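Letter by letter, the chains look like this.
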Amino acid sequence: MTELATRAQAFGLIADAVASGLSAPWRLYLARGCRYLSLNVGDRGEWNAWRSHLGCPELSVRVYDAGGEIRRASTAEVVLGGCRISVELVEEVRTDDVDRLLTDDPTSFDSEEQ
């Protein structure tokens, strides 16, 4: 990979990936100077496809309250050609999803007792 020195090269990287079959990101942010490129995708499948395509080794997940709604932001990052590229997915998390994490699975106890 050569240096992503121009906006055209950075956008070309995304266009080539879309042409090869990846879904187009729903939002794209390219910082001045081509040192940071951020892609926002619509679902977990797209996020996994983009992070696999780019070979993102850095993954992080952040859960936060957004005005009464719980959201999970999953971010994958890689540095290619001197440009830091992040792929982000923001999902709403239902409270029963959180409740499941806080309680034991009752079916696991039933199988142990028998």
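Cut-offs applied
- Residues numbered from 1 in each chain as written.
- Predicted model: local features only at pLDDT ≥ 70, side-chain atom pairs only at ≥ 80, totals over all residues.
- Heavy atoms only, no water.
- Helix = DSSP H or I, 4+ residues; strand = E, 2+ residues; numbered from the N terminus.
- Contact = heavy atoms within 4.5 Å.
- Areas by Shrake-Rupley, 256 points an atom, 1.4 Å probe, with all protein chains shown as cover.
- Pairing = 2+ DSSP bridges.
- Axes fitted to C-alpha atoms, helices over the stretch in contact; angles between N-to-C directions.
- Buried < 20%, exposed > 50% of the residue type's maximum accessible area, 1.4 Å probe, protein only.
- Left-handed = near helix turned anticlockwise from the far one by under 90°.
- Nonpolar A, V, L, I, M, F, W, Y, C, P; charged D, E, K, R; others polar.
- pLDDT = per-residue confidence, 0-100.
- Salt bridge = Lys/Arg side-chain N within 4 Å of Asp/Glu carboxyl O.

1. A short note on the overall build of the chain
And then number 1: The secondary structure content of the chain amounts to 4 helices and 5 strands.
And then number 2: Listing every helix and strand of the chain by position from the N terminus yields α-β-β-α-β-β-β-α-α.
And then number 3: At a minimum sequence separation of 6, the contacts of the chain that also span at least 24 residues come to 44%.
And then number 4: As displayed, the chain has an accessible area near 7400 Å², and 51% of this comes from carbon and sulfur atoms.

2. Structural notes on the sheet that holds strand S4 (residues 69–80)
And then number 1: If you walk across this open sheet you meet the 5 strands as S1-S2-S5-S4-S3, and the pairing is mixed. Of all the strands in the sheet, the pair left with one neighbour each is strand S1 (27–30) and strand S3 (58–66). Strand-to-strand twist of the sheet, defined as the mean angle between neighbouring strand axes without regard to direction, takes the value 20°.
And then number 2: The sheet contact formed by S4 and strand S5 (residues 83–93) spans 11 bridges and is antiparallel.

3. Details of the pairing of strand S2 (residues 36–40)
And then number 1: Burial of S2 is extensive: 4 of the 5 residues sit out of reach of the surface.
And then number 2: Where S1 lies against S2, 4 bridges are found, and the strand directions are antiparallel. Bridge assignment links leucine 30 to a residue of S2, and that residue is leucine 37.
And then number 3: Relative to S5, S2 runs parallel, the two sharing 5 bridges. Note on S5: the bridge partner recorded for tyrosine 36 is arginine 84.

4. Re the packing of helix H1 (residues 7–19) against helix H2 (residues 44–54)
And then number 1: Two numbers describe how H1 lies on H2: the axes approach to 12 Å, and their chain directions differ by 115°. For the element pair H1 and H2, the recorded crossing hand is right-handed. On the side of H1, the interface is formed by Leu13, Ile14, Ala17 and Val18, while H2 contributes Trp50, His53 and Leu54.
And then number 2: Taken together, the residues that form the contact of H1 with H2 break down as 6 nonpolar, 1 polar and no charged.

5. Points about the confidence of the model for the chain
And then number 1: Mean pLDDT for the chain: 83, with 82% of residues reaching 70 or above.
And then number 2: Below a pLDDT of 50 lies the segment residues 108–114, which in the model reaches 1 contact outside its immediate sequence neighbourhood of four places, other chains included.

6. Points about the pattern of salt bridges
And then number 1: Counting across every chain of the model gives 4 salt bridges.
And then number 2: Put simply, arginine 84 and glutamate 77 hold a salt bridge, and the shortest N to O gap is 2.9 Å.
And then number 3: The partly exposed category is assigned to glutamate 77, whose relative accessible area is 24%.
And then number 4: By sharing partners, the salt bridges in this structure join Arg44, Arg72 and Glu91 into a single network.

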